[in-house]
Amino acid sequence: MDTRLKARPANVADPAVTSTPADLAPLAARAAKVRDLLRVGPGFDLAAVDARATPGLPRRAVADQGGKEWSREQVAAIGTHLADQQERLFAQAKVGGARGRLLLVLQALDCGGKDGTIKRVAGAMNPLGLHIVGFGPPTKEERAHDFLWRIRRALPDPGVVGIFNRSHYEDVLAVRVRNLVPESTWRARYDLINQFEKELADDGVTIIKAMLHISYGEQRQRLLDRLNDPTKQWKFNPGDLDDRARWPDFQAAYADALALCATPAAPWYVVPADRKWYRNWAVANLLLAAFADMGLKYPAPSFDVEEQRARLTAEERAGRGKREMNSS
Ligand code: ADP
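## Looking at the site of the ligand
Consideration 1: Lining the immediate surroundings of the ligand are 13 residues, of which Phe135, Gly136, Pro137, Glu170 and Ala174 lie closest.
Consideration 2: A breakdown of the residues in the shell around the ligand according to their chemical character gives five nonpolar, three polar and five charged.

## Let's talk about the packing of helix α5 (residues 114–121) against helix α13 (residues 276–294)
Consideration 1: At their nearest, the axes of α5 and α13 sit 10 Å apart, and the two run at 60° to each other. Relative to α13, the element α5 lies oblique. Handedness of the α5/α13 crossing: right-handed. When α5 is examined against α13, the residues Gly116, Thr117, Arg120 and Val121 are found in contact with a partner set consisting of Lys276, Arg279, Asn280, Val283, Ala284 and Leu287.
Consideration 2: Residue composition of the contact of α5 with α13, by class: four nonpolar, three polar and three charged.

## Focus on unusual backbone geometry
Consideration 1: Unusually for a residue other than glycine, cysteine 111 sits at a positive phi of about 70°.
Consideration 2: Along the chain, cysteine 111 falls in the loop between β1 (101–108) and α5.
Consideration 3: For cysteine 111, a count of 23 C-beta atoms within 10 Å puts it in the buried group.
Consideration 4: Phi angles above zero are rare outside glycine, and asparagine 179 is one such case at about 55°.
Consideration 5: By secondary structure assignment, the location of asparagine 179 is in the loop between α8 (174–177) and α9 (183–202).
Consideration 6: Residue asparagine 179 is classed as exposed on the basis of its C-beta count, with 10 C-beta atoms lying within 10 Å.

## Points about the sheet that holds strand β4 (residues 205–213)
Consideration 1: Across the sheet, five strands lie side by side as β2-β3-β1-β4-β5; this open sheet has parallel pairing. The outermost strands of the open sheet, each flanked by one partner alone, are β2 (130–134) and β5 (268–272). For this sheet, the mean inter-axis angle between neighbouring strands, taken without regard to orientation, is 20°.
Consideration 2: Here five bridges tie β4 to β5, and the two strands are oriented parallel to one another. Its bridge partner being in β5, methionine 211 is matched across the sheet by valine 270.
Consideration 3: Where α13 meets the sheet, its contacts fall on β1, β4 and β5, and the angle it forms with β4 comes to roughly 165°.

## Quick notes on the nonpolar core
Consideration 1: Ala210, Val271, Leu287 and Leu288 are the most contacted members of the largest nonpolar core, which has 65 residues in total.
Consideration 2: At 13 residues, the largest contribution of residues to this core is made by α13.

## What to know about helix α2 (residues 24–38)
Consideration 1: Taking 1.5 Å per residue, 15 residues should reach 21 Å; α2 reaches 21 Å between its end C-alpha atoms and fits that length.
Consideration 2: Looking at α2, one finds that the buried residues are Leu27, Ala28, Ala31, Val34, Arg35 and Leu38. All buried residues of α2 lie within an arc of 120° about the axis, which places them on one face of the element. Projecting away from the buried face of α2 at angles above 90 degrees are the exposed residues Ala25, Pro26 and Ala29.
Consideration 3: Residues of α2 that are buried sit in contact with α4 (67–96), β5 and α13.

Cut-offs used in this document
- Residues numbered from 1 in each chain as written.
- Predicted model: local features only at pLDDT ≥ 70, side-chain atom pairs only at ≥ 80, totals over all residues.
- Near = placed C-beta within 6 Å.
- Nonpolar A, V, L, I, M, F, W, Y, C, P; charged D, E, K, R; others polar.
- Axes fitted to C-alpha atoms, helices over the stretch in contact; angles between N-to-C directions.
- Helix = DSSP H or I, 4+ residues; strand = E, 2+ residues; numbered from the N terminus.
- Parallel < 35°, antiparallel > 145°, perpendicular 65-115°, else oblique.
- Left-handed = near helix turned anticlockwise from the far one by under 90°.
- Contact = placed C-beta atoms within 7 Å.
- Buried ≥ 20, exposed ≤ 12 C-beta atoms within 10 Å, placed from the backbone.
- Pairing = 2+ DSSP bridges.
- Core = buried A, V, L, I, M, F, W, Y, C linked by C-beta atoms within 7 Å.
- Expected span 1.5 Å × (residues − 1).
- Arc of directions from axis to C-beta.

Any functional reading would require information beyond the geometric quantities listed.
Dropping the structure here:
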């Protein structure tokens, strides 16, 4: 008899599988602190944020090893939990019919690091449960609808982690700064966005909106790096320099979007992003804190485990019996 099959009494769930892993607690506690430090609250002043700052970073992180190395290890450790939590979320929707999902909205000026963040942080999760969508200038078809039409179509299904690389916020950022619609149109959008996001939250979507905040000097350096490296030149778009020339207007547009659309249903976080390693660590923490709040457990089976195990065992015995018969 296979003793492994009898290792656990029938229908008693394995606590290590269904409960919260023990080493999640300290990481989740710190993630919640980092999140609080980055959260946009009343009176928030974007101009006062130092893009090279590292809020919430333990002092020893830099003292011991240099932040970069430390961050890489921590992001890997957090990533293991992100993958575990993601699977629980997925399982709950698949088996339990839950509607919970997570949506990370990434906004940044050019070279802000949206792509790098997705690669480093989302890369820890299972691609099957990820839905990553980038938003460029709207197509003809998209322009024929209201600005949220294409966003609604891109939402993650229940159980899935969605990531927006740019989003509906472009309609109050780039659109506003480049004067693509009358002021009355973009002004009305802040309320529409808040209503939309409230609707999503009420439907089970946990929304995390992160602005990756880089400095004017860092953007210059990254643009130069792109121009100087033949393997990065494809990332350079001459139009980026036109937007760079409108830096103060973009900062003002971001400040308004942050102030007007930071709601309890869909908070905004500003992540200092001049240091890529801090940015990755901070976004990983935002995701972990959100997952931890969900208290995700694997769904209980809707069938009798012992009964199914007995069926399989019986089948195995029968199969073995047949083989034995054939060999005699
Ligand atoms: P990214 O810069 O994000 O890597 P792209 O080079 O494709 O990707 O740039 C996307 C461009 O699309 C950005 O300049 C952005 O401002 C623009 N964009 C996104 N959404 C809209 C919108 N709703 N209206 C106008 N422009 C938009």
